[in-house]
Amino acid sequence: MFKFLSPEPLHDPLAAPTPTDQTEVKCTTCYMCACRCGIRVHLAEGKNGPEVRYIDGNPAHPLNQGVICAKGASGIMKQVSPARLTQPLLRRPGSERGAGEFDPISWDQAMTLLTERLAKIRATDPKKFAMFTGRDQMQALTGLFARQFGTPNYAAHGGFCSVNMAAGMIYTVGGSFWEFGGPDLDRAKLFVMIGTAEDHHSNPMKIALSKFKRSGGRFISINPVRTGYSAIADEWIPIKPGTDGALFMALLHELIAQDLIDHAFLKRFTNAPQLVVLDNGPREGLFAFDPDPARGAPGDGRNPHNKLVWDLPSGSAKNAYPEGIAEGCDPALEGHYTLADGTRVAPSFQLLRERVATCTPEWAATITGIDAKRIRALALEMGDAALEQAFELPIPWTDAWGKVHPSTQARPLAFHAMRGLAAHSNGFQTVRALAVLMSVLGTIDAPGGFRHKAPYPRHIVPNYRAFNAPELIKPNTPLNAAPLGFPAHPDELAINPDGTPIRIDHAFSWEHPLSAHGLMHNVITNAAKGDPYRIDTLLIFMANMAWNSSMNTMAVREMLNRKDETGEHVIPFLVVCDAFQSETVAFADLVLPDTTYLERHDVMGMLDRPISEFDGPVDSVRVPVVAPLGQCRPFQEVLIELAARLKFPAFTTAEGTPKFTGYPDFVVNFQPQPGIGFLMGWRGKNGDEHLRGEPNPKQWEAYVANNCVFQHHMPESMHYMRNWNQAYLDFAKEKGWRQKNDPVQLALYSDTLQSFRLAAQGKSGGREPPDELRERIATYFDPLPFWYPPLEEAATDLAAYPLNAITQRPMAMYHSWDSQNAWLRQIHSHNYLHVNPLTAQAAGIADGGWCWVESQWGRVRCMLRYSEVVEPGTVWTWNAIGKADGAWQLAPGADEARKGFLLNHLISEELPFKGPHGATTISNSDPITGQAGWYDVRVRIRPAEPDEAAESFPQIAAVPAPSGVLGRAAQVLTYFAGRKKS
Ligand code: SF4
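What you see is a predicted model, and the numbers here were worked out from it, not measured in a lab. (Residues numbered from 1 in each chain as written. Predicted model: local features only at pLDDT ≥ 70, side-chain atom pairs only at ≥ 80, totals over all residues. Heavy atoms only, no water.)

### A word on the layout of surface pockets
For step 1, the next point in the chain: The space that makes up the largest pocket amounts to roughly 1,400 Å³.
For step 2, the next point in the chain: Lining the largest pocket are 47 residues, and of these Ala-140, Arg-458, Tyr-464, Ala-482 and Leu-607 sit closest to its centre.
For step 3, the next point in the chain: Per-element tally for the lining of the largest pocket: the top contributor is helix H5 (residues 139-149), with six residues.
For step 4, the next point in the chain: Taken together, the residues of the lining of the largest pocket sort by class into 28 nonpolar, 11 polar and eight charged. (1 Å grid on protein atoms, 1.4 Å probe; cavity = no way out; pocket = protein on both sides within 12 Å on 5 of 7 lines; lining within 4 Å. Points joined across faces, edges and corners; volume = space filled by probe spheres on them. Helix = DSSP H or I, 4+ residues; strand = E, 2+ residues; numbered from the N terminus. Nonpolar A, V, L, I, M, F, W, Y, C, P; charged D, E, K, R; others polar.)

Shown next, in the form of structure tokens:
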């Protein structure tokens with residue numbers, strides 16, 4: 001007690017841990033959320049070997065610098081979770097999917113069964129195997145597995161998470177937020193956070209925000225809800241969901257009208273001065289280019305170096321590269337011109353200026369709910385921060401055209417945005433609008449602005465084409481390209497000659513051409529319909545598709561158990577791999593028990609999503625700190641073994657024996673190109689080479705000896721302006737992060753989008769979309785950003801359903817992972833619908849009262865809380881707190897099931913719009929990227945009747961505990977509270 005009142009710190013977090021006889025400390029990487037902080041796991045000898053005693057942050061780790069959050073510290077309770085699966089399970093013959101009745105089987109039986117089934121599919125029609133994974137951090141391996149199998153039906157969770165944020169930014173500036181880049185809060189003076197969940201990019205953001213606020217920075221949060229980070233913002237600007245794009249367009253209007261733009265930056269580093277063809281025809285809306293083949297191939301979206309600009313001093317067209325930006329050239333940003341051959345052209349910035357001309361603050365005010373005066377003032381504030389408060393760092397650098405810049409221009413205006421912008425069917429163009437806003441102020445990879453993290457920036461469009469050749473889906477043959485990529489032209493779509501999708505999720509088809517992360521949210525619906533074909537086996541890893549990962553949850557559960565006229569399931573075989581008894585496990589035919597993050601090897605490397613910092617690349621690993629529980633096996637090991645059993649070329653020697661002894665061996669020795677592997681630290685035979693080098697048999701040991709992390713510090717001259725920084729571009733190419741070392745001009749105007757529009761208008765002379773989709777593509781594939789209402793509104797009676805309903809994940813839990821966590825459940829075990837008092841009172845609902853929330857798709861009953869920090873037209877709740885009774889080994893009648901609820905029941909995965917080939921529905925997704933439109937649903941609220949049950953609706957019948965699950969945590973709680981073991 002007295003120690004708590006003492007001015008002395010309780011402990012020094014920077015002091016080295018002091019192991020005693022009883023304790024040992026091992027470093028690894030947290031996975032209680034996706035941020036990947038460094039942790040120290042303190043162990044003591046238990047009954048069956050070392051047991052976790054507590055977890056703290058690793059002060060020597062560059063990402064979190066010792067900081068740990070509630071989730072990270074509670075990893076111990078994940079380890080001893082009552083919901084742990086411990087042995088492979090096979091659905092009991094004759095039992096229904098969803099009933100959760102299983103028989104235990106051995107791993108040998110499970111692997112034999114799976115190998116035989118998959119071998120048969122691979123030898124006949126490989127696309128009948130579909131593999132979709134949740135928030136895993138090993139897509140370089142899972143993607144390789146699918147490619148080697150020969151199926152295009154693979155994706156991870158990005159399509160229902162934030163692909164709009166990734167794709168919208170990457171197609172515009174070559175990078176994006178979070179793993180790809182972020183705000184430079186060390187040098188920013190104004191920070192604007194938009195549409196970000198309570199704790200996105202958790203510990204690193206908290207550390208950066210703390211420093212930023214202490215040093216006097218101003219923080220504005222734009223969000224319908226003020227919680228989490230927004231709670232410490234200097235100003236909260238409430239906004240209606242799905243309208244951020246209108247705000248950005250109005251800010252662009254105002255900045256351009258006031259001439260608050262970075263002219264020099266726009267002319268040299270973006271496609272703003274490049275000339276767009278205005279004449280009707282196949283080149284309409286594309287960039288004019290120099291037809292001289294000596295200057296490079298015609299622009300195709302991947303090769304933009306022979307475009308033209310209008311040189312003001314000479315009054316003539318000149319090459320944008322290299323001459324257009326040579327000394328003495330002053331390219332026009334405005335005006336209309338005529339080329340020597342009579343072609344009418346205009347700089348793309350002129351078209352942007354014309355586009356935003358009508359997007360006045362008054363126009364945006366009626367859409368966003370933000371006062372026009374505030375929008376005007378915000379634009380001035382942004383312009384002032386970026387331009388008036390600008391400064392220079394004494395860091396010389398040389399650009400891709402050989403010009404030496406004696407210093408680096410800082411633009412101290414930083415943004416951070418995430419799923420609040422992305423998870424709408426207008427999200428791609430909204431994110432494009434934000435990226436253009438950031439670009440006109442010159443903030444891209446500038447000190448104080450947005451900064452890339454290696455291996456970004458990518459080329460625009462990235463040089464990764466998704467598999468798109470249906471004739472190359474052949475028995476026992478790997479695909480010639482990865483299943484996922486970045487299309488740059490209709491010719492790269494994954495469609496059959498008749499225009500139908502190659503993939504089960506319809507990704508990269510005319511329905512969602514740029515779906516860089518796939519559409520996991522439509523896999524089950526499409527497979528159940530046999531659209532475009534029936535599949536045989538669906539493997540789901542770490543995704544709760546029978547509950548919080550699906551829209552229209554109850555219908556998806558029905559589809560998982562649906563049978564055809566022959567009595568066979570419409571999805572004949574369902575494999576679920578998970579560490580915990582989620583709701584989805586009950587539907588599996590085969591359950592594979594995975595390990596926790598403390599029991600396995602993992603890699604967060606450059607082939608996937610590294611943890612790079614602004615100043616250089618960083619990768620990290622997880623290593624087992626305790627033995628796997630029961631018969632749990634890391635999914636990585638299962639994949640490596642399956643790949644060898646199925647004789648995938650990349651995993652098998654010429655003699656047909658396994659190439660790798662297991663996952664650690666694979667990580668060390670697999671090289672997609674010479675010298676490039678999964679990890680970049682301590683390469684070379686002796687471990688003395690970094691970034692590139694021969695495999696090092698002792699690489700894992702080197703990581704273990706170095707806090708499980710490798711960081712490379714680049715010289716200061718490579719820290720900024722990396723889209724155009726020749727030293728960096730050369731370095732990145734040499735290290736295998738880029739295929740070319742040419743500059744990445746920002747795409748304010750997207751000729752890639754225009755190429756799809758021309759196809760839809762029948763002007764391209766190439767592939768054209770089905771008639772039902774022509775208008776959709778011509779409308780949404782606009783080469784300039786624009787705002788349109790979320791698609792669902794056109795199918796909704798807005799008077800009957802006047803409110804927006806949104807979710808966000810809570811600070812103390814990561815989606816559904818933590819409902820079984822005995823410590824975190826004490827922070828919250830159920831959720832409320834948070835509603836502005838004015839809105840709730842108008843509906844006659846008391847604070848804490850039960851109410852119905854209804855959309856046109858479904859209804860839920862839940863408890864409501866008054867909240868002043870949500871704008872009156874929006875209601876919100878946390879996602880994934882509500883649970884099905886009995887899942888996750890929660891006690892019967894647990895709060896999560898009786899009081900908690902899921903908003904997903906109100907959301908449809910499809911919208912009633914005409915699709916191609918006679919379809920009457922189309923995915924509830926962004927028409928460009930296929931990003932799930934989670935936040936587009938409209939609802940109404942009313943009080944529950946006094947005689948209705950005081951419990952949430954719908955309720956799900958409890959399922960029995962599968963054999964092998966650990967059971968309740970009561971004993972564990974007592975034990976860890978320091979009391980006597982019972
Ligand atoms: S933010 Fe918390 S839960 Fe996420 S990785 Fe870091 S310590 Fe773990």
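### Brief notes about the sheet that holds strand S33 (residues 874-878)
For step 1, the next point in the chain: Overall, mixed pairing links the six strands, which are arranged S29-S33-S30-S32-S31-S36 in a closed barrel. Between one strand and the next, the sheet's axes are offset by a mean angle of 45 degrees, whatever the strand orientation.
For step 2, the next point in the chain: Bridge analysis of strand S29 (residues 803-808) against strand S36 (residues 938-943) gives two bridges, and the strand direction is antiparallel. Residue pairing across strands places Asn-804 opposite Arg-938, the latter belonging to S36. (Pairing = 2+ DSSP bridges. Axes fitted to C-alpha atoms, helices over the stretch in contact; angles between N-to-C directions.)

### Quick notes on the pairing of strand S21 (residues 413-417)
For step 1, the next point in the chain: With five of five residues buried, S21 lies mostly within the body of the structure.
For step 2, the next point in the chain: Side-chain alternation along S21 places Leu-413, Phe-415 and Ala-417 on one buried face and Ala-414 and His-416 on a second face that is also buried.
For step 3, the next point in the chain: Relative to S21, strand S9 (residues 190-194) is paired through five bridges, and the arrangement is parallel. Each bridged residue has a counterpart across the sheet, and for Ile-194 the counterpart in S21 is Ala-417. (Buried < 20%, exposed > 50% of the residue type's maximum accessible area, 1.4 Å probe, protein only.)

### Things to note about the sheet that holds S9
For step 1, the next point in the chain: Strand order in the open sheet formed by four strands is S11-S10-S9-S21, and the pairing between neighbours is parallel. The outermost strands of the open sheet, each flanked by one partner alone, are strand S11 (235-237) and S21. Each adjacent strand pair in this sheet contributes to an overall mean axis angle of 20 degrees, direction not counted.
For step 2, the next point in the chain: Alignment of S9 against strand S10 (residues 218-222), held across five bridges, turns out to be parallel. Counterpart to Phe-191 in the pairing with S10 is Phe-219.

### Some thoughts on the confidence of the model for the chain
For step 1, the next point in the chain: Mean pLDDT over the chain: 93, with 95% of residues reaching 70 or higher.
For step 2, the next point in the chain: This model gives residues 973-982 a pLDDT under 50, and the stretch forms 13 contacts once residues within four places in sequence are excluded. (pLDDT = per-residue confidence, 0-100. Contact = heavy atoms within 4.5 Å.)

### Notes on the environment of Ala-705
For step 1, the next point in the chain: Turning to its location among the elements, Ala-705 is positioned in helix H19 (residues 699-705).
For step 2, the next point in the chain: In this structure Ala-705 comes out as exposed when scored by relative accessible area, which is 62%.
For step 3, the next point in the chain: A C-alpha to C-alpha distance of 36 Å links Ala-705 and Phe-415, two positions 290 residues apart in sequence.

### What to know about helix H17 (residues 635-645)
For step 1, the next point in the chain: The buried count for H17 comes to nine of 11 residues, which makes it a mostly enclosed element.
For step 2, the next point in the chain: When H17 is considered as a whole, its buried residues turn out to be Phe-635, Gln-636, Glu-637, Val-638, Leu-639, Ile-640, Leu-642, Ala-643 and Ala-644.
For step 3, the next point in the chain: Backbone geometry just after H17 places Lys-647 at a positive phi near 60 degrees.

### A word on the environment of Gln-87
For step 1, the next point in the chain: Looking at where Gln-87 falls in the secondary structure, it is placed in the loop between helix H3 (75-79) and strand S4 (89-91).
For step 2, the next point in the chain: Measuring from C-alpha to C-alpha, the distance between Gln-87 and Cys-632 comes to 6.2 Å, with 545 residues separating the pair along the chain.
For step 3, the next point in the chain: Residue contacts for Gln-87: discarding those within four places in its chain leaves Pro-104, Val-591, Pro-593, Gln-631, Ser-963 and Gly-964.

### Some thoughts on unusual backbone geometry
For step 1, the next point in the chain: Cis rather than trans, the peptide bond between Ala-454 and Pro-455 has omega equal to 10 degrees.
For step 2, the next point in the chain: Positive phi outside glycine occurs at Asn-476, with the angle close to 50 degrees.
For step 3, the next point in the chain: Mapped onto the fold, Asn-476 is located in the loop between strand S22 (450-452) and helix H15 (523-529).
For step 4, the next point in the chain: Overall, the relative accessible area of 46% leaves Asn-476 in the partly exposed class.
For step 5, the next point in the chain: Residues other than glycine seldom take positive phi values, yet Ala-880 does so here, at roughly 65 degrees.
For step 6, the next point in the chain: The exposure class assigned to Ala-880 is buried, which follows from its relative accessible area of 1%.

### Some thoughts on the environment of Phe-901
For step 1, the next point in the chain: Summarising the element assignment, Phe-901 is placed in the loop between helix H24 (895-898) and strand S34 (910-911).
For step 2, the next point in the chain: Relative accessible area serves as the criterion here: at 3%, Phe-901 is assigned to the buried category.
For step 3, the next point in the chain: Note: C-alpha distance between Phe-901 and Arg-861 (40 residues apart in sequence) is 7.6 Å.
For step 4, the next point in the chain: Sequence-distant contacts of Phe-901, defined by excluding residues within four places in its chain, comprise Asn-831, Tyr-832, Leu-833, Val-860, Arg-861, Cys-862, Thr-877, Gly-882 and Ser-952.

### Description of the pattern of salt bridges
For step 1, the next point in the chain: Under the defined criterion, the tally for this structure stands at 61 salt bridges.
For step 2, the next point in the chain: Arg-645 is paired through a salt bridge with Glu-641; the nearest N and O atoms lie 2.9 Å apart. Within this pair, Arg-645 and its partner Glu-641 are both found in helix H17, separated by four residues, close to a single helical turn.
For step 3, the next point in the chain: Judged by relative accessible area, which is 30%, Arg-645 ranks as partly exposed.
For step 4, the next point in the chain: The exposure class assigned to Glu-641 is partly exposed, which follows from its relative accessible area of 25%.
For step 5, the next point in the chain: Three or more residues are tied together by salt bridges with common partners; here these are Asp-108, Arg-633, Glu-641 and Arg-645. (Salt bridge = Lys/Arg side-chain N within 4 Å of Asp/Glu carboxyl O.)

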